[in-house]
Amino acid sequence: MNRSYLWVWVFFFTCAICVSIPAMAGEPTEMVRKTTDKIIAIVTDSSLEGPEKAAERKRLVREAVSEQFNRKEMSRRTLARHWRKRTEEEKIEFIDLYGKLLEQTYLDRVEGYSGEKVFYEGEEVDGKYGVVKVKILTGQGTKIAVEYRLKKAGDDWLVYDVSIEGVSLVNNYRNQFNSIIVRSSYKDFIKKLKAKVEKQ
Amino acid sequence: MRIFFRIFVFSIFFLGFFQATCFAAEEAISSISFQKGGGYGFLIQDVGGSYLVAVMDLDVSQEGNHSRGRARPLSLCQKDSSEQEEDEEEFDDIPEGEMEVDFIRDPFEPINRVFFHLNDKLYFWILKPVAAGYKKVTPDQFRICVRNFFSNLLMPIRAVNCLLQGKFIGFGSELLRLLVNSTVGMLGLMDPAQTALKLEKQDEDFGQTLGLYGLGPGVYINWPVFGPSSVRGTVGFVGDMYLDPAAWVSIDFGEWFVIRGYEMVNTTSLSLGEYEALKKAALDPYVALRDAYYQYRQNKIKN
């Protein structure tokens, strides 16, 4: 790049940073970026490599992820019309089991990390809801569109849904769970969910 | 090609037939129907004594892609008013559209499940071992080149569907992509149009075109070998075959089958582990795949 252009860019970025500090534009994006960077740092950390460090690696990733996800919100949306029929204990039990299932799914995905690049393509904020759009570039040159849906809770933006190429995780589980509950019963469904989580 | 034509006619016939039976079934479960402002709705008695109110929007002018077979926002009503209040309080702040119960009809679930299991076995017993062996003996870059080559050949499908959908810029970039990739890109083995000129591949097919025109997906079909599809997807797939250059040169079905088979192995070798991941994360892999297919296609139509 031409040298004079470089200074233009530096000036531009300085301005951009000055403007953005008071407004803190892109809070949801920052939230997603922070967690993503943290996870990539963990899985690429050479001191954590190897199968004997797998447990430690998992623990760190789990910690980083659970900070950012709103489990209750996800559970509520996933059970949808079955949610309000549940007692408090049932709700707590479901949140716990579902959380573990999601965690495992996420950990499996992260374990397969092989230098994919993450690009932040913009965000939309509507009141306390936000969408962060991300493109993941794989080693084979394919681009995967990922969308994080976040909700503001206090000062934090917490993720309640992730969609990959338009396939929403919450919608997918909602349809699966609903089909089981409708065909048998909630009790049967919980039994299945428990078995699934324990098997992993 | 006569066989394709027959499949095409056959699917069109079935499209009409499926839609008719589905509507008949839908009307049968409605205990009360009502008409309201361009749409219609019906009440279904739910197991818990509550009523499920399904409102189907028939107002075509709104988005242009509503039709009888499309998703219906479901709202919930409860006999007990106190519970309803709690419910409203809980759900009132959810952005519009996100609590939609969106799914594809699946009246042939038992048959589809049989084919799902068949495909599952085909994958683990044949396709996966072959693809894994192929992956071992060929470098990644080679397989990416093969993928690019096949993808370049299928340009007519994407270009024509861009035109049919009124995406003229997309059509232009597909033309340029063909020109650049077939020459500089060494017969399409490379993709300099993407890497150097930032001309993105336009992932359009006839199924998406039909969806954009307002045709619903019909019902879900899990084809043996071909996998998840819908009535609309199948009609689209058959329609696109006429734009496949393989249909223009005179090759017999056997040759076509070998070429497609090789392409399938090559594609699989680049995406090993994806199906396994979906299966591992799912409580009911069949429903997970059905829903993922549906959501993925609906999203494609929107873009």
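Residues numbered from 1 in each chain as written. Chains lettered and ligands numbered in written order. Predicted model: local features only at pLDDT ≥ 70, side-chain atom pairs only at ≥ 80, totals over all residues.

1. Examining the overall build of chain A
- When helices and strands are counted, chain A shows seven helices and five strands.
- Tracing chain A from N to C terminus, the helices and strands come up as α-α-α-α-α-β-β-β-β-β-α-α.
- For chain A, the share of sequence-separated contacts (at least 6 apart) that also reach a separation of at least 24 residues comes to 47%. (Helix = DSSP H or I, 4+ residues; strand = E, 2+ residues; numbered from the N terminus. Contact = placed C-beta atoms within 7 Å.)

2. Describing the pairing of strand β4 (residues 156–164) of chain A
Residues and elements named next belong to chain A.
- Where strand β3 (residues 143–153) and β4 come together, eight bridges link them in antiparallel fashion. Residue pairing across strands places Lys 151 opposite Leu 158, the latter belonging to β4.
- In this antiparallel pair of consecutive strands, β3 and β4, the connection spans two residues, and Gly 154 shows a positive phi of 65°.
- Direction of pairing for β4 relative to strand β5 (residues 167–168): antiparallel, over a ladder of two bridges. Bridge pairing in β5 links Ser 163 to Ser 168.
- Between β4 and β5, which pair antiparallel and follow one another directly, the connecting turn spans two residues, one of which, Glu 165, has a positive phi of 50°. (Pairing = 2+ DSSP bridges.)

3. Some details on helix α11 (residues 253–270) of chain B
Residue and element names in this part refer to chain B.
- The end-to-end C-alpha distance of α11 is 26 Å, a good match for the 26 Å that 18 residues give at a rise of 1.5 Å each.
- Residues of α11 that are buried: Val 265, Asn 266 and Ser 269. Summarising the axial view, the buried residues of α11 lie within an arc of 95°, below the 170-degree limit, and thus occupy one face. Residues of α11 that are exposed and angled more than 90 degrees away from the buried face: Phe 253 and Phe 257.
- If you follow the buried residues of α11, they end up packed against α3 (109–137) and α4 (140–153). (Expected span 1.5 Å × (residues − 1). Buried ≥ 20, exposed ≤ 12 C-beta atoms within 10 Å, placed from the backbone. Arc of directions from axis to C-beta.)

4. Examining the interface of chain B and chain A
- In this assembly, 24 residues from chain B lie in contact with 25 residues from chain A.
- Counting residues per element, the ones that place at least two in the side of chain B that touches chain A are α2 (81–91), α12 (274–281) and α13 (285–302) of chain B.
- Here the side of chain B that touches chain A gets eight residues from one element, more than from any other, and that element is α13(B).
- Class assignment of the residues belonging to the side of chain B that touches chain A gives a composition of 14 nonpolar, four polar and six charged. (Nonpolar A, V, L, I, M, F, W, Y, C, P; charged D, E, K, R; others polar.)

5. Details of the sheet that holds β4(A)
- Here we have five strands laid out as an open sheet, ordered β1-β2-β3-β4-β5 (chain A), and antiparallel in their pairing. Edge positions in the sheet fall to β1 (117–126) and β5 of chain A, since each has one partner strand and no second.

6. Concerning the packing of helix α3 (residues 54–68) of chain A against helix α5 (residues 88–111) of chain A
Residues and elements named next belong to chain A.
- At a minimum axis separation of 11 Å, α3 and α5 run at an interaxial angle of 120°. The angle between α3 and α5 places the two elements in the oblique class. With respect to the hand of their crossing, α3 and α5 are arranged in right-handed fashion. Contacts between α3 and α5 involve Lys 58, Val 61, Arg 62 and Val 65 from the first element and Glu 103, Tyr 106, Leu 107 and Val 110 from the second.
- For the contact of α3 with α5, the class distribution of residues is five nonpolar, no polar and three charged. (Axes fitted to C-alpha atoms, helices over the stretch in contact; angles between N-to-C directions. Parallel < 35°, antiparallel > 145°, perpendicular 65-115°, else oblique. Left-handed = near helix turned anticlockwise from the far one by under 90°.)

7. Some remarks on the nonpolar core
- Of all hydrophobic cores here, the largest spans 23 residues; its most connected members are A:Val132, A:Tyr148, A:Leu150, A:Leu158, A:Val159 and A:Tyr160.
- Going through the elements one at a time, α2 (27–44), α4 (71–79), α5, β2 (129–137), β3, β4 and α6 (169–183) of chain A are the ones with two or more residues in this core.
- Looking at this core, the element that brings in the most residues is β4(A), giving five residues.
- Residue contacts for A:Leu150: discarding those within four places in its chain leaves A:Pro28, A:Met31, A:Gly130, A:Val132, A:Trp157, A:Leu158, A:Val159 and A:Tyr160.
- With 19 residues, the next largest nonpolar core counts B:Ile104, B:Phe115, B:Leu215 and B:Val231 among its residues. (Core = buried A, V, L, I, M, F, W, Y, C linked by C-beta atoms within 7 Å.)

8. A few points about α4(B)
Residue and element names in this part refer to chain B.
- Helix length check: α4, at 14 residues, gives a terminal C-alpha distance of 20 Å against a target of 20 Å (1.5 Å per residue), a fit within 8%.
- Among the residues of α4, those classed as buried are Arg 147, Asn 148 and Asn 152. Viewed along the axis of α4, the buried residues span an arc of 135°, placing them on a single side of the element.

9. Structural notes on the confidence of the model for chain B
All names here are of chain B.
- This prediction gives chain B a mean pLDDT of 76; 67% of its residues lie at or above 70.
- Note that residues 1–89 has pLDDT below 50 and, in this model, 109 contacts with residues that lie over four places away or in other chains.
- The complex prediction reports pTM at 0.76, with the ipTM value standing at 0.82. (pLDDT = per-residue confidence, 0-100.)

10. Topic: the pairing of β2(A)
All names here are of chain A.
- Here β1 pairs with β2 via nine bridges, running antiparallel. By the bridge assignment, Lys 117 is partnered in β2 with Leu 137.
- Where β2 lies against β3, nine bridges are found, and the strand directions are antiparallel. By the bridge assignment for β3, Ile 136 is matched with Ile 144.
- Taken together, β2 and the strand that follows it, β3, pair antiparallel across an intervening segment of five residues, in which Gly 141 is found at a positive phi of about 85°.

11. Notes on the confidence of the model for chain A
Residues and elements named next belong to chain A.
- In this model, chain A carries an average pLDDT of 84, and 88% of its residues clear a pLDDT of 70 or more.
- Taken element by element, chain A is modelled with least confidence in helix α1 (residues 3–23), mean pLDDT 53, and with most confidence in α6, mean pLDDT 94.
- Below pLDDT 50 for its whole length, residues 18–25 participates in one contact with residues either more than four positions away or in separate chains.

12. Thoughts on the packing of α2(A) against α3(A)
All names here are of chain A.
- The geometry of α2 relative to α3 is characterised by a closest axis approach of 10 Å and an angle of 175° between their N-to-C directions. Considered as vectors, α2 and α3 are oriented roughly antiparallel to each other. Along its contact with α2, which presents Met 31, Thr 35, Lys 38, Ile 39, Ile 42 and Val 43, the element α3 presents Arg 57, Leu 60, Val 61, Ala 64 and Gln 68.

13. What to know about the environment of B:Gly261
- Here B:Gly261 lies in helix α11.
- Between the C-alpha atom of B:Gly261 and that of B:Leu199, which follows or precedes it by 62 residues, the distance is 29 Å.

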